[in-house]
Amino acid sequence: MPDQKNGIERMGTVDMVSGTKKDLFTSGHPVIRELRKIPGILMEEDIYKMPSSCISLKDFFARKQMDTCHVDCLILYKIARNVLQIMTGLSRNMIFPGIVGLEDIYVDTKRGDYPVYILHPEKFQLLDFEQDYEWYPEDERIFGEMTLFNRESQLKADTRLIYKILVASVKGNVKIPPKITDADYSELFYKALPDEWKTLFKEEEPAGYVRMQELLEQCIEVEETFAKQAKERLDDKAQKEAGEKQEKVCAVRGKHEKKIVYCMMVLLRTELKESRKMSKLLYQVQDELELEERLSHWDCRQAFVYGDGVVMARKFESYPSGFRCQCQQQIKEYSAGETLIIASNMMGETMTLNPASEFRMYILTDGSLKNDRLFRSALTMLKERKQEGLKLYLISEDGDSCEACQQLARLEEKKESNYGFAGNS
């Protein structure tokens, strides 16, 4: 019987006997044997093989769950890669599941490679082996009147599935770009996507499994390189400074009283060329602080001040080991001086309430800053804070070439700044 939409002859149709898909699986047809060979596919009777630490992607992408698991871009890239490998294996065997819901995909959160499992393959369409089973799209409107999937429409559906995973959306038909919602972090993760992915998802024609696999591998390599560089730097520093820091801190602590260090991160985001540059700088500073806190046994409390059209701030808090700030960084017209004034006022209030503590301010920049009237007022306030005991560090990957950055660099703690990525260190 010809496929009316694509003119493709179906080969090797199978008598379904009672008309149920279960009969095809029970009969041990060759295509079912191939299906069982695909890693990550679990039959209903094999569900017990799935680790107890697995959770469905629909539940995993809930805002509270992502906060608990500290989900970042690298984790999403790994999950998407593993799902894509399963979908590619299905396509090679001419098996088209249609739209796979996030509730049908489970991820093992206890393993670093985040393996995934897809359950109940009885739902899958075997277009080359049956002719009387129809599937109706329930949560997508992009496939028109189609009731049976072919290779082309399956690729389109799989591309949409990878998109939903990369933006961690719990919604069925998520827009491009996603709308702001309190249910998940879709908008935030979409902004963090490389431009290649954004272009791919906006195109009418899907890129194909090979291209998506290449992009995922590139993204994973970049993110793991960042992590590896940070670990190597911290390991080297730990070997050189562990003994010295321990002796110094014990002498200052006196009777083993726990010292509190207030560390404020001021993010002056200005560049669009590389969206991950600011996150890289911030994660490196937090890596340094976490190591120093572990070696020195003091209590590190962090606060974040950053511009997003309006300036936003968070109070000083003690965060668990492994916490990395994922604040929204959107380029709009705002003054770096305004951000620094709010940071300086907040730090001044904290210094007044906790005079016996240590105070640090890390100013992170990834481009030129406005040297306007507000900035000059902020500079005066920072000089006053420094006279009161504030230690200031300027962090920049490409160097501080603008006039405003040079003025900030003159206030920096030259002797104690050991950050290899700081522009003026």
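Above this text you will find the structure in question.
What you see is a predicted model, and the numbers here were worked out from it, not measured in a lab. (Residues numbered from 1 in each chain as written. Predicted model: local features only at pLDDT ≥ 70, side-chain atom pairs only at ≥ 80, totals over all residues. Heavy atoms only, no water.)

Draft legend 1. Quick peek at helix α6 (residues 151–166). Taking 1.5 Å of rise per residue, the 16 residues of α6 would be expected to cover 22 Å, and the 23 Å separating its terminal C-alpha atoms lies within 8% of that figure. Counting buried positions over the 16 residues of α6 gives 13, a clear majority of the element. Ala168, located one to two residues past α6, shows a positive phi value of around 55°. (Helix = DSSP H or I, 4+ residues; strand = E, 2+ residues; numbered from the N terminus. Expected span 1.5 Å × (residues − 1). Buried < 20%, exposed > 50% of the residue type's maximum accessible area, 1.4 Å probe, protein only.)

Draft legend 2. Spotlight on the pattern of salt bridges. Tallying each qualifying case throughout the model produces eleven salt bridges. Linking Arg111 and Asp113 is a salt bridge whose minimum nitrogen-to-oxygen distance equals 3.0 Å. Given the relative accessible area of 34%, Asp113 is considered partly exposed. The salt bridge involving Arg301 is made with Asp299; its shortest N-O contact spans 3.1 Å. Residue classification places Arg301 among the partly exposed positions, given a relative accessible area of 26%. Via salt bridges that share partners, Lys259, Glu292, Glu358, Arg360 and Lys391 belong to a single interconnected network. (Salt bridge = Lys/Arg side-chain N within 4 Å of Asp/Glu carboxyl O.)

Draft legend 3. Spotlight on the environment of Gln286. Position of Gln286 relative to the elements: it lies in helix α10 (residues 277–296). Gln286 has contacts with Gln302, Phe304, Phe323, Arg324 and Cys325, leaving out every residue within four places of it along the chain. Among the polar contacts made by the side chain of Gln286, one reaches the side chain of Gln302 at a distance of 3.0 Å. (Contact = heavy atoms within 4.5 Å. Polar contact = N/O pair within 3.5 Å; in protein donor to acceptor, adjacent residues only side chain to side chain.)

Draft legend 4. Region of interest: unusual backbone geometry. Positive phi is not limited to glycine here, since His70 has a value of about 50°. Positionally, His70 belongs in the loop between α4 (63–69) and α5 (73–92). By relative accessible area, which is 35% here, His70 ends up partly exposed. Even without glycine at this site, Ala168 takes up a positive phi of about 55°. Following the sequence through the fold, Ala168 ends up in the loop between α6 and α7 (186–192).

Draft legend 5. Structural detail: the pairing of strand β8 (residues 358–365). In terms of burial, β8 is a largely internal element, eight of the eight residues being buried. Of the two faces of β8, the one carrying Glu358, Arg360, Tyr362 and Leu364 and the one carrying Phe359, Met361, Ile363 and Thr365 are both buried. As judged from the eight bridges shared by strand β5 (residues 260–268) and β8, these two strands associate in the parallel manner. Bridging across to β8, Val261 finds its partner in Glu358. Bridge count between β8 and strand β9 (residues 391–396): six bridges; the pairing is parallel. From the neighbouring strand, Arg360 faces β9, where its bridge partner is Lys391. In terms of handedness, the path from β8 via helix α12 (residues 373–387) over to β9 forms a crossover that is right-handed. (Pairing = 2+ DSSP bridges. Right-handed = clockwise from strand over helix to strand, strands pointing away.)

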